[in-house]
Amino acid sequence: LSLSLPPLSWVSLQSSGWERMFGTYFRVGFYGCRFGDLDEQEFVYKEPSITKLAEISHRLEEFYSERFGDDTVEIVKDSNPVDKTKLDPNKAYLQITYVEPFFDTYELKERITYFDKNYNLRAFMYCTPFTLDGRAHGELHEQYKRKSILTTSHAFPYIKTRINVVHKEEIILIPIEVAIEDMQKKTQELAFATHQDPADAKMLQMVLQGSVGTTVNQGPLEVAQVFLADIPDDPKLFRHHNKLRLCFKDFTKRCEDALRKNKVLIGPDQKEYHREMERNYHRLKEALHPLINRKIPQLYKPLVPHIAHRNSFGRSSLRKVEG
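Owing to the predicted nature of the structure, the values given are computational and were not obtained by experimental measurement. All residue numbers refer to position in the chain's written sequence, counted from 1. For a predicted model such as this one, the threshold for reporting local features is a pLDDT of at least 70, and the threshold for listing and counting side-chain atom pairs is 80 or more; totals across whole chains, interfaces and linings nevertheless cover every residue. Side-chain calculation: all heavy atoms of the structure are included, whereas hydrogens and water are not.

### Description of the overall build of the protein
For step 1, the next point in the chain: Secondary structure elements are defined from DSSP: runs of H or I of at least 4 residues count as helices, runs of E of at least 2 residues count as strands, and each element is numbered from the N terminus. The helix and strand tally for the protein stands at eight helices and eight strands.
For step 2, the next point in the chain: Classification of residues uses two cut-offs on accessible area relative to the type maximum, computed with a 1.4 Å probe and protein chains only: under 20% is buried, over 50% is exposed, and between them is partly exposed. Taking all 323 residues of the protein together, the buried fraction comes to 39%.
For step 3, the next point in the chain: Accessible area of the protein: about 20500 Å², with a carbon and sulfur share of 54%. Only the protein chains shown count as cover for residues, and all accessible areas are computed by the Shrake-Rupley method using a 1.4 Å probe.

Now the structure itself:
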């Protein structure tokens, strides 16, 4: 009987929609001659899924302090590239960063289920915001983002919980690309909250408030005013400008869908709150209208047949690869 039927516990877990907790991943960089062969090496660590950055940092700092002595180990607090010339040669440095599994667009078409997205993982990504003058954060038009994509020598899950990084690629997003990603993320959050089953009114209202709230700092309206108020002088930015414009069209449609859904979910005590969000939405839509309906004529010229040559240097974002 035990060979022909699955255990009752497994049946109940499947039927209740339970999802296995696979893990959380961190990149750990080692810097300093005290580490010997590990110096300047990077690893991806797999930890239990509820592990926080502070926990793994404390554990590794304690472990290597016991090995090298107190006041010898230091944690690098940011995820910026480490400048070895500024490090104390008598100390051992650890740089620990939370990373997420990374999938190319074509992979996401095949990795559909929760299991698919947590199995056979070799690529991981973390993002570092920066400005050209050295600050991490600045105004919208100053905000760049560095995406670091790491590839490990083996795939997780693996017999070891630490795998070395064998390849690293960096992509620099310019400010308008950062804005495009941010608006795409807001739109996805709205869509998820709107279509969540069962519906979660609190989550929907929280996402809506972050999208149409009048007090949102560096919110959607400010993004549009910074990047869409004028047509860029540089033709290389035309397509980014147009993409952001279309992102805003999608965003306003999702806001409308979310408000419609929220109207169904609220009780009598929240009607005034809902009316206020609707008023905010209509003010936002009115302010966005002239910005998102201005097309760049050059992008809508009749296409002349030509032989296309793939040229990665045509992108305005910068890419650096390390093997």
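Following the structure, the description resumes.
### Looking at the pattern of salt bridges
For step 1, the next point in the chain: By definition here, a salt bridge exists when the distance from a side-chain nitrogen of Lys or Arg to a carboxyl oxygen of Asp or Glu is within 4 Å. Tallied over the full model, the rule gives 20 salt bridges.
For step 2, the next point in the chain: With a shortest N-O distance of 3.4 Å, E42 and K168 are connected by a salt bridge. Linking E42 in strand β2 (residues 42-47) with K168 in strand β7 (residues 162-173), this pair joins segments that are 126 residues apart in sequence.
For step 3, the next point in the chain: Note on E42: relative accessible area 12%, which makes it buried.
For step 4, the next point in the chain: Residue classification places K168 among the buried positions, given a relative accessible area of 12%.
For step 5, the next point in the chain: E256 is the salt-bridge partner of R260, the closest N and O atoms lying 3.3 Å from each other. Taken together, the positions of R260 and E256, both in helix α7 (residues 238-265) and four residues apart, correspond to about one turn of that helix.
For step 6, the next point in the chain: The network of salt bridges with shared partners includes K253, E256, D257, R260 and K285.

### Thoughts on unusual backbone geometry
For step 1, the next point in the chain: Of note, the amide linkage connecting F156 to P157 takes the cis form, showing an omega dihedral of -5°.
For step 2, the next point in the chain: In this fold, P157 is placed in the loop between β6 (144-156) and β7.
For step 3, the next point in the chain: A cis amide bond links D197 with the next residue in sequence, P198, at an omega value of 5°.
For step 4, the next point in the chain: With respect to the helices and strands, the residue P198 is situated in the loop between α4 (175-195) and α5 (201-212).
For step 5, the next point in the chain: The residue E40 is not glycine, and still its phi comes out positive at about 65°.
For step 6, the next point in the chain: Along the chain, E40 turns up in the loop between β1 (24-31) and β2.

### Quick notes on the packing of aromatic side chains
For step 1, the next point in the chain: The criterion for an aromatic pair is that two Phe, Tyr or Trp rings (for Trp, the six-membered ring) have centres within 6.5 Å, with stacked assigned to planes under 30 degrees apart, edge-to-face to planes over 60 apart and tilted to the rest. What the rule picks out here adds up to 14 aromatic pairs.
For step 2, the next point in the chain: Note on Y25 and F124: the rings are 5.0 Å apart at their centroids and 45° apart in plane angle, and the pair reads as tilted. One end of the pair, Y25, is in strand β1; the other, F124, is in strand β5 (residues 121-130), and 99 residues separate them in sequence. Residue Y25 shares its accessibility class with F124, and that shared class is buried.
For step 3, the next point in the chain: Ring geometry for F30 and F43: centres 5.8 Å apart, planes at 90°, overall edge-to-face. A residue pair is termed long-range when its members are at least 10 positions apart, and F30 in strand β1 and F43 in strand β2 qualify at 13 residues. For the pair formed by F30 and F43, the shared burial category is buried.

### Here's the deal with the pairing of β7
For step 1, the next point in the chain: Pairing between two strands is assigned when DSSP locates at least 2 bridges connecting them. Pairing of β2 with β7 involves three bridges; the strand directions are antiparallel. Bridged to F43 within β7 is N164.
For step 2, the next point in the chain: Here β6 runs beside β7; their pairing, made up of eight bridges, is antiparallel. Bridge pairing in β7 links S148 to E170.
For step 3, the next point in the chain: Remark: five residues form the turn of the hairpin made by β6 and β7, two consecutive strands paired antiparallel.

### Quick notes on α5
For step 1, the next point in the chain: If you check α5, its first and last C-alpha atoms are 16 Å apart, about what twelve residues at 1.5 Å a residue would give, namely 16 Å.
For step 2, the next point in the chain: Restricting attention to buried positions, one finds in α5 the residues L204, Q205, V207, L208, S211 and V212. Each buried residue of α5 lies within a common arc of 165° when the element is viewed along its axis, so the set occupies one face. Seen from the buried face of α5, the exposed residues on the opposite side, beyond 90 degrees, are K202 and M206.
For step 3, the next point in the chain: Two residues form a contact once any of their heavy atoms are found within 4.5 Å. On its buried face, α5 is in contact with α4, α6 (220-227), α7 and α8 (271-292).
For step 4, the next point in the chain: In protein, a polar contact means a hydrogen-donor-capable atom and an acceptor-capable atom, both N or O and within 3.5 Å, with residues adjacent in sequence counting only if both atoms are side-chain atoms; elsewhere, any N or O pair within 3.5 Å suffices. Near the N-terminus of α5, the side chain that reaches the backbone nitrogen of K202, with its oxygen 3.2 Å away, is that of D200. Helix span, expected: 1.5 Å multiplied by one less than the number of residues in the helix. Our arc is simply the arc of the directions from the helix axis toward the C-beta atoms.

### Quick look at the pairing of β1
For step 1, the next point in the chain: With eight of eight residues buried, β1 is to be regarded as a mostly interior element.
For step 2, the next point in the chain: Here β1 shows two buried faces, one formed by T24, F26, V28 and F30 and the other by Y25, R27, G29 and Y31.
For step 3, the next point in the chain: When β1 meets β2, the two strands line up antiparallel, connected through six bridges. In the sheet register, T24 faces β2, and the bridge partner there is E47.
For step 4, the next point in the chain: Note: β1 against strand β4 (residues 92-101), seven bridges, orientation antiparallel. The partner of F30 across the bridge, within β4, is L94.

### Some thoughts on the side chain of T194
For step 1, the next point in the chain: Topologically, T194 is positioned in helix α4.
For step 2, the next point in the chain: Its relative accessible area of 5% is what places T194 among the buried residues.
For step 3, the next point in the chain: For T194, the side chain forms a polar contact with the main-chain oxygen of L190, separated by 2.6 Å.
For step 4, the next point in the chain: What T194 contacts, discounting residues up to four positions off in sequence, is L204, D257, A258 and K261.

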